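# Chain and residue survey
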Amino acid sequence: MNFQRKRIPIEDGDYYLTPEGYRCFTEKYHLKRGYCCESGCRHCPYGYNSKTNKQE
C-alpha cells in the first residue's frame, strides 16, 4: 500500500515499553495516525490479522 506519510508527534500514552525494551504503540496512537500499516500491530484498532492478511 502506498500512503502519504505524515509526521505524528509522539505524546504520553502513545506507546509503552515492553519487558524486552521495545516500543509498543497503543490503540490511541494508531487512531491518531489514521490508517492501518498492515504490520500486525499488537493494538491495531482496524482489525488487521497478519495471519490471514485481511482486516476483520
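The text that follows walks through the structure, step by step, so that each part is easy to find. (Residues numbered from 1 in each chain as written. Predicted model: local features only at pLDDT ≥ 70, side-chain atom pairs only at ≥ 80, totals over all residues. Heavy atoms only, no water.)

Looking now at the packing of aromatic side chains. Under the defined criterion, the tally for this structure stands at two aromatic pairs. One aromatic cluster is present, built from ring pairs that chain together Y15, F25 and Y29. Over the face of the ring belonging to Y35 we find R33, whose NZ or CZ atom lies 5.0 Å from the ring centre. (Phe/Tyr/Trp six-rings, centres within 6.5 Å; stacked < 30°, edge-to-face > 60°. Lys NZ or Arg CZ within 6 Å of the ring centre and 35° of its normal.)

In this structure the tally under the stated criterion is three salt bridges. Linking K32 and D14 is a salt bridge whose minimum nitrogen-to-oxygen distance equals 2.7 Å. You can see K32 sitting in helix α1 (residues 27-33) and its partner D14 sitting in the segment before β1 (15-17), a full 18 residues away along the chain. Exposure remark for K32: the relative accessible area of 30% places this residue in the partly exposed category. (Salt bridge = Lys/Arg side-chain N within 4 Å of Asp/Glu carboxyl O. Helix = DSSP H or I, 4+ residues; strand = E, 2+ residues; numbered from the N terminus. Buried < 20%, exposed > 50% of the residue type's maximum accessible area, 1.4 Å probe, protein only.)

Here the focus is the state of the cysteines. In the structure shown here, the tally under the stated rule is zero disulfides. The thiol of C37 is unpaired, and the distance to the nearest cysteine sulfur, on C41, comes to 3.7 Å. (Disulfide = S-S within 2.5 Å.)

In this fold, H30 is placed in helix α1. Taking the relative accessible area as the measure of exposure, H30 reaches 3% and is therefore buried. A polar side-chain atom of H30 sits 3.2 Å from a polar atom in the side chain of R33. In contact with H30, other than residues within four places in its own chain, are F25, Y35, C41, H43, C44, P45 and Y46. (Polar contact = N/O pair within 3.5 Å; in protein donor to acceptor, adjacent residues only side chain to side chain. Contact = heavy atoms within 4.5 Å.)

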